Amino acid sequence: MEISASRPQGSVRVVVAGDEGSSRLDRVLASRLPELSRSRLKALILAGQVSIGQVSIGRTNPGQTSPVAVRDPAYHVAAGDTITIDVPEAVAAEPAAENIPLHIVYEDEDIIVIDKPAGLVVHPAAGHETGTLVNALIAHCGASLSGIGGVKRPGIVHRLDKDTSGLMVIAKNDMAHQSLSAQFADHGRTGLMERGYLAFAWGVPHRQYGTIDAPIDRHPHAREKMAVRERGRHAVTHYEVQETFNGRDGKPVAALLACRIETGRTHQIRVHLAHLGHPLLGDAVYGPHFKTKASQLSPAAQAALASLGRQALHAYLLVIEHPRTGELMHWESELPPDLAALRGALGAAL
């Protein structure tokens, strides 16, 4: 088999060796073309883009040697069969490219890691059709996006809320998208992938280390919110108290927590900490009833909190296995200026 290692397109020929582990057409192609996801391969088969020659005696069209289009992913191939797959060039992404500055931490032919600022929406949606991270990535990556599912678009495998800052990894091709999706679905339970967050919370948990194991679902009345609900989806957050901050009365009023998540539910850390009774500073959605606690802060801390304008949450740690090489890759991000100022003001002598 001859194929471009990272960006298959055009006509690709695969000769079945018989050692692929399965004789199913879709599985043979998946084992020989890891650069294309299984869903992409299935779509190409169903679209009639895959044909087979050198068909052996006793099968459909006995003795047929000219390529025959096969539209059944479960079709059984035999050793010596020649599979030809026509991979169309990826079409342009629907979101428009926009020249938006990005803080790029790392980039190669497969992935790009960025340090997302607060205020940047990740993906176009109603009310945010432009000015998103996806728009910026399409402009920055250009031709290096080889196409995910046949579309030249960045592969978003995890998201950060608009007002959460920190590290994100994005896939640039099908192979990377498939690998990263599996890693994030596993959330480090069996692999080495890890995500860490720094969270400024009201009050101080009773224990330095703790785990919040509480299911999350849509809020029953406010559909834009999430909530801990008995029949929700499984969600687990681990936390460790890093620092405590005293108020004007000398008693603990806030804490800096390092959080690690085993699941990736919407607003998970924000919902779990609020459920614990320690919502994030600046979280207008899950901690509005804690606004009065700001009066317990020093004037400098009150000013830093008032100017924050967002929940005090930062994705500071990202560890993944590289999709192509398997190398363990580790990145850390310092607190952005607004959270660093809040930390300094909270910790300053009253």
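Residues numbered from 1 in each chain as written. Predicted model: local features only at pLDDT ≥ 70, side-chain atom pairs only at ≥ 80, totals over all residues. Heavy atoms only, no water.

Participant: Got a minute to help me understand the overall build of the protein chain in this structure?
Facilitator: When helices and strands are counted, the protein chain shows 7 helices and 18 strands. Every one of the 350 residues in the protein chain was classed for burial, and the buried ones make up 47%. Restricting to contacts in the protein chain with at least 6 residues of sequence separation, those with at least 24 account for 68%. Carbon together with sulfur atoms contributes 49% to the accessible area of the protein chain, which is approximately 16600 Å² in total. (Helix = DSSP H or I, 4+ residues; strand = E, 2+ residues; numbered from the N terminus. Buried < 20%, exposed > 50% of the residue type's maximum accessible area, 1.4 Å probe, protein only. Contact = heavy atoms within 4.5 Å. Areas by Shrake-Rupley, 256 points an atom, 1.4 Å probe, with all protein chains shown as cover.)

Participant: Any chance you could explain the pattern of salt bridges here in plain terms?
Facilitator: Oppositely charged side chains are able to pair whenever their charged atoms sit close together. One pass over the structure, following the stated rule, counts 8 salt bridges. The closest approach of N and O atoms between Asp 26 and Arg 24, which form a salt bridge, is 2.7 Å. For Asp 26, a relative accessible area of 17% translates into the label buried. Via salt bridges that share partners, Glu 109, Asp 110 and Arg 324 belong to a single interconnected network. (Salt bridge = Lys/Arg side-chain N within 4 Å of Asp/Glu carboxyl O.)

Participant: Is there a simple way to think about the nonpolar core in this case?
Facilitator: In this structure, Tyr 197, Cys 259 and Leu 273 are the most contacted members of the largest nonpolar core, which totals 30 residues. Listing elements by their share of this core, those giving two or more residues are β7 (111–116), α3 (133–141), β10 (165–171), β11 (194–202), β15 (236–246), β16 (252–261), α5 (268–276) and β17 (313–321). No other element matches α3, which puts 5 residues into this core. Listed in part, the 25 residues of the second largest apolar core include Leu 297, Leu 342, Ala 345 and Leu 346. (Core = buried A, V, L, I, M, F, W, Y, C linked by side-chain atoms within 4.5 Å.)

Participant: Mind showing me how you'd approach the confidence of the model for the protein chain here?
Facilitator: Low pLDDT marks stretches whose predicted atomic positions should not be read closely. Mean pLDDT for the protein chain: 87, with 88% of residues reaching 70 or above. Per-residue pLDDT, averaged within each element of the protein chain, yields its smallest value for strand β5 (residues 91–92) (56) and its largest for strand β18 (residues 328–332) (98). With pLDDT under 50 throughout, residues 1–7 is counted as low confidence; its partners more than four residues away or in other chains account for 21 contacts. Contacts for the low-pLDDT stretch residues 55–64, under 50 throughout, to residues beyond four places or in other chains number 16 contacts. (pLDDT = per-residue confidence, 0-100.)

Participant: I keep staring at the packing of helix α6 (residues 299–308) against helix α7 (residues 337–347) and nothing clicks. Help me out?
Facilitator: It is at 8 Å that the axes of α6 and α7 come closest, and there the two elements cross at 160°. The angle between α6 and α7 places the two elements in the roughly antiparallel class. For α6 against α7, the interelement crossing comes out left-handed. Between α6 and α7, the residues in contact are Ala 300, Ala 301, Ala 304, Leu 305 and Leu 308 and Asp 338, Leu 339, Ala 341, Leu 342, Ala 345 and Leu 346, respectively. Partitioning the contact of α6 with α7 into residue classes produces 10 nonpolar, no polar and 1 charged. (Axes fitted to C-alpha atoms, helices over the stretch in contact; angles between N-to-C directions. Parallel < 35°, antiparallel > 145°, perpendicular 65-115°, else oblique. Left-handed = near helix turned anticlockwise from the far one by under 90°. Nonpolar A, V, L, I, M, F, W, Y, C, P; charged D, E, K, R; others polar.)

Participant: Is there a simple way to think about the side chain of His 278 in this case?
Facilitator: Along the chain, His 278 falls in the loop between α5 and α6. Sequence-distant contacts of His 278, that is, excluding residues within four places in its chain, are made with Ala 201, Trp 202, Gly 203, Val 204, Pro 205 and Leu 273.

Participant: What exactly am I supposed to notice about the layout of surface pockets here?
Facilitator: Of the voids in this model, the largest pocket is the one considered here, and its volume is about 960 Å³. Taken together, 36 residues line the largest pocket, and the ones lying closest to its centre are Arg 159, Leu 160, Asp 161, Thr 266 and His 267. Of all the elements in the fold, those that place two or more residues in the lining of the largest pocket are α4 (174–186), β11 and α5. Considering only enclosed or pocket space, the second largest pocket measures out at about 230 Å³ in volume. In terms of lining, the second largest pocket is formed by 15 residues, of which the most central are Gly 282, Asp 283, Ala 284, Lys 291 and Leu 305. Here the lining of the second largest pocket takes 3 residues from α6, the largest share from any one element. (1 Å grid on protein atoms, 1.4 Å probe; cavity = no way out; pocket = protein on both sides within 12 Å on 5 of 7 lines; lining within 4 Å. Points joined across faces, edges and corners; volume = space filled by probe spheres on them.)

Participant: Any chance you could explain the packing of helix α1 (residues 25–32) against helix α2 (residues 38–46) here in plain terms?
Facilitator: Any two packed helices are characterised by how steeply their axes cross, that is the angle between the axes, and by the distance between the axes. One can describe the packing of α1 onto α2 by two numbers: an axis separation of 10 Å at closest approach and a directional angle of 130°. Compared by their axis directions, α1 and α2 come out oblique. The crossing of α1 and α2 is right-handed. Contact with α1, carried on its side by Leu 25, Asp 26, Leu 29 and Ala 30, involves Arg 38, Leu 41 and Ile 45 of α2 and no other residues of that element. The class makeup of the residues in the contact of α1 with α2 is 5 nonpolar, no polar and 2 charged.

Participant: I would appreciate a short explanation of the packing of aromatic side chains in the present structure.
Facilitator: A ring pair, where both rings are aromatic, is described by two values, the distance of the centres and the angle of the planes. All chains considered together, the criterion is met by 2 aromatic pairs. Seen from their ring centres, Tyr 106 and Trp 331 are 5.7 Å apart, and the 45° between their planes marks the pair as tilted. Of this pair, Tyr 106 sits in strand β6 (residues 104–107) while Trp 331 sits in strand β18, and the two are 225 residues apart along the sequence. A relative accessible area of 25% means that Tyr 106 is categorised as partly exposed. Geometrically, the ring pair formed by Phe 200 and Phe 245 is stacked, given 6.4 Å between the ring centres and 20° between the ring planes. Highlighted residues: Phe 200 in strand β11 and Phe 245 in strand β15, separated in sequence by 45 residues. Grouping residues by exposure puts Phe 200 and Phe 245 together as buried. (Phe/Tyr/Trp six-rings, centres within 6.5 Å; stacked < 30°, edge-to-face > 60°.)

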